[in-house]
Amino acid sequence: MSFLRPNRRTMHDWILCFSLANLFFAKAWDEAQRSFAFSAYYKKAPNLASASILLDVTLLAAILWLLGQLVRRRPTRWLTTIARCVFLLLLLVPLNFIRQKLNWSPLAVTQMARNPLVWLAVVGGICVAVRRPQRAIRGWMAVVMVLSPLVPITWGQALTHWDWGSDRRVPSVDAGKVIAAKVSNKPTRLVWLLFDEMDQRLAFAERPVSVHLPEFDRFRGECVYFENANPPGNETLRSIPALLTGRLVVDAQPTGRKNLLLTLGDGGYTADWGALPNVFSQAREIGCETALVGFFHPYSRVLLEGVTKSAWESFPLYDPTGEASLPENLGRNFYTIVEQAGRKKMGDYAKYREMYEGVLRTARRYVADEQTGLVFCHISVPHLPGMAKEFQGNIPDTPQECAEQYLSNLMQADGVFGELRGLMESAGLWDRTTLIITSDHWLRDTKGFDHEVDHRAPLLIRMAGQAQPQTYSKPVNTLLLSRFCLATLRGEIKTPDELTKWMDANKDSVPVEAWRLCKKVRPGSP
């Protein structure tokens, strides 16, 4: 066979087919290459996207080569016409991708068509294609050949960013199998609920009249409500490590599928997140079983030390493939070709729904487990997109849509809290549970509201058995929460009065507006 005895024509055909196939999947490559910047840290299966595109390109190139060989051996008129049409149709895909990258809407293209020079070029091209189709096809083939160096470039980038450790899908992990220490459980337990991007002003201080949060209001009537709490960071990537280690994090950079390099504010040196003591490892020393569930951060890979059981869901914007199988992802690469460009601002809605429900399923189990002394749940709402039924399939685009879905997600968060509370009450755990409600950062994009940004974060703490409300008005930073958790689990803080005294004694040890020390928020960061 000719491909076993490659000559100049055969090599030309293979290069042409691979170049065209590579251009056909330009949009899929663009999505994968953008995700390379965030490394394998955020991905359930780091190599899946690249592997599927490489396989898709190879398969399409092989099909095109076989079609080309068929035309060469039987150059009938109808077969030649079919081959030319297939070539031109495949070429339309990368041309449309270029239009999308240049932000040329169909309306803009229509307006351009009014330009006489554009009409002249189009009519001239059509005339050449009709009168001399072979010359037009050869011209486009020359363009495809000129762009053939993109094949080794894109493939080289894919292999350069390949995670050579393990590409197995990472399910929810029971870290208790890794940690052999036998610990005894304490009678007091602590549940820490963190609702991503919950805004203090919109949720409590200046809540819109259309927003009803009965479960949060009920909880506020039996807890210590902190009016002026600030988060330690301005984005999830920094705030969560800061909250769980009790160390100020001014920057964070993923360096591997298990590694997040933190730049610490108390000294400026760097350290790997997983190597630092955290609230879970210190709780285990006290004698508590611990549980952790969340999204975005790969908790089950990073925080093995001290976490008895953990689970995590990836963030679809950074991990569009998720835990899809290779065959599923092969088809997904074709789907990206016809997918609307606007939807790619956040990704596939269905993936967000899976993320939200996955975290909630595990949270239900963890909060009702009487053997667990410390539970941390990082819940995706009220972060966009909207999880209510009326928003299914609708990724918000305009500021008004973002505002509408955010307020809906606030009410969704209220419902989630009510459900988790009900599970603890049914299990007889509510009265002996100290519970924290807070957020990792404020709502940063308020264009759909009034453009005013309030940098506070909600903070509500109910001590075990507490029934009467208290308000704490002094400014504090939630970076203190890991220390508070450990003090509570040791039995040093048992009542609301002891909590407020402890806050008075410790609040000045952390800058209230510690988030100002952080670097600017990355575009697209949750």
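Visitor: Please explain the sheet that holds strand β2 (residues 224-226) as it appears in this structure.
Guide: Backbone hydrogen bonds are what pair the strands of a sheet, in a parallel or an antiparallel way. Strands sit in the order β8-β7-β9-β1-β10-β11-β2-β12 across an open sheet of eight strands; the sheet is mixed. A strand with exactly one partner marks an edge of an open sheet, and here the two such strands are β8 (309-313) and β12 (470-472). Within the sheet, the average angular offset between the axes of one strand and its neighbour, ignoring direction, is 10 degrees. In terms of strand pairing, strand β1 (residues 189-195) meets strand β9 (residues 374-379) through six bridges, oriented parallel. Along β9, the bridge assignment pairs Trp192 with Phe376. Against the sheet, helix α12 (residues 279-286) touches β7 (290-295) and β9, its axis set at about 165 degrees to β7. Packed on one face of the sheet, helix α18 (residues 496-506) meets β2, β11 (459-462) and β12 and runs near 5 degrees to β12.

Visitor: Would you mind showing me how to read the nonpolar core here?
Guide: Looking at soluble globular proteins, one finds that nonpolar side chains tend to be buried together. One finds Phe195, Phe226, Leu244, Trp273, Ile461 and Phe484 to be the most contacted residues of the largest nonpolar core, which totals 105 residues. Contact partners of Phe484, with chain neighbours within four places excluded, come to Leu190, Thr434, Ile436, Ile461, Met463, Ile493, Leu499 and Trp502. Judged by nonpolar contacts, the second largest core, of 25 residues, contains Leu23, Ala49, Leu60 and Val144.

Visitor: Looking at this structure, I do not really get the pattern of salt bridges. What am I missing?
Guide: Two side chains that carry opposite charge are able to pair once their charged atoms sit near each other. Tallied over the entire structure, the rule returns 22 salt bridges. Of the charged contacts in the structure, one is a salt bridge between Glu206 and Arg201, with a shortest N-O distance of 3.6 Å. Here Arg421 makes a salt bridge to Glu222, at a shortest N to O gap of 2.5 Å. With Arg421 in helix α16 (residues 399-426) and Glu222 in the loop between α10 (214-220) and β2, this residue pair connects regions lying 199 residues apart in the sequence.

Visitor: I keep staring at the pairing of β1 and nothing clicks. Help me out?
Guide: Regular strands show a simple pattern: their side chains alternate between the two faces of the sheet. With seven of seven residues buried, β1 is to be regarded as a mostly interior element. Side-chain alternation along β1 places Arg189, Val191, Leu193 and Phe195 on one buried face and Leu190, Trp192 and Leu194 on a second face that is also buried.

Visitor: Any chance you could explain the side chain of Asn278 here in plain terms?
Guide: Positionally, Asn278 belongs in the loop between β6 (270-272) and α12. Separated by 2.8 Å, the side chain of Asn278 and the backbone nitrogen of Phe280 make a polar contact. Apart from the residues within four sequence positions on either side, Asn278 is in contact with Leu244, Thr245, Leu303 and Glu305.

Rules behind the numbers
Residues numbered from 1 in each chain as written. Predicted model: local features only at pLDDT ≥ 70, side-chain atom pairs only at ≥ 80, totals over all residues. Heavy atoms only, no water. Pairing = 2+ DSSP bridges. Helix = DSSP H or I, 4+ residues; strand = E, 2+ residues; numbered from the N terminus. Axes fitted to C-alpha atoms, helices over the stretch in contact; angles between N-to-C directions. Contact = heavy atoms within 4.5 Å. Core = buried A, V, L, I, M, F, W, Y, C linked by side-chain atoms within 4.5 Å. Buried < 20%, exposed > 50% of the residue type's maximum accessible area, 1.4 Å probe, protein only. Salt bridge = Lys/Arg side-chain N within 4 Å of Asp/Glu carboxyl O. Polar contact = N/O pair within 3.5 Å; in protein donor to acceptor, adjacent residues only side chain to side chain.

All quantities given are derived from atomic positions and should not be read as evidence of function.
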